[in-house]
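Architecture at a glance
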Amino acid sequence: MKYFIFKIFIVCVFLFSFQTAHAQKIKHPGQEVSGLVNLNYMSKINLPAGKWEVVSKNKVNGGSGWVDVSLIQTEANKIKAIAIIQYPTKPSGNGWYKSSDDICDDYSSQKSN
């Protein structure tokens, strides 16, 4: 009985780790992606259901090197949905942090941030 439960546990670990470990990477226009997508070594996102086509990928050098990716979803040769993703290629170790001149400060205690 213990051996059977151990086997079930191993299978569950394998199935759940398979999805996160095998995220697709956006490489070039024309590529089809779906499900879990790897943006950089720190970030992964789940795309909405269906297949998405990469229509553009632009990289801005300097600083953290931002990438803009445009995706479309089509149905019967018509655009059904558009997704635009922007992310840094080299995120800082601090992540999003508040500085003294941050424009995202809570202006007038609005509680909007």
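Residues numbered from 1 in each chain as written. Predicted model: local features only at pLDDT ≥ 70, side-chain atom pairs only at ≥ 80, totals over all residues. Heavy atoms only, no water.

In this section: the sheet that holds strand S1 (residues 24-25). With respect to topology, three strands assemble into an open sheet ordered S1-S3-S4, the strand pairing being mixed. Of all strands in the sheet, those bounded by a partner on one side alone are S1 and strand S4 (43-46). (Pairing = 2+ DSSP bridges. Helix = DSSP H or I, 4+ residues; strand = E, 2+ residues; numbered from the N terminus.)

We now examine unusual backbone geometry. Phi is positive for Ala76, which is not a glycine, with a value near 55°. Along the polypeptide, Ala76 turns up in the loop between strand S6 (66-75) and strand S7 (78-88). With relative accessibility at 70%, the residue Ala76 sits in the exposed group. Within the chain, Asn77 stands out as a residue other than glycine whose phi angle is a positive 60°. Structurally, Asn77 is set in the loop between S6 and S7. (Buried < 20%, exposed > 50% of the residue type's maximum accessible area, 1.4 Å probe, protein only.)

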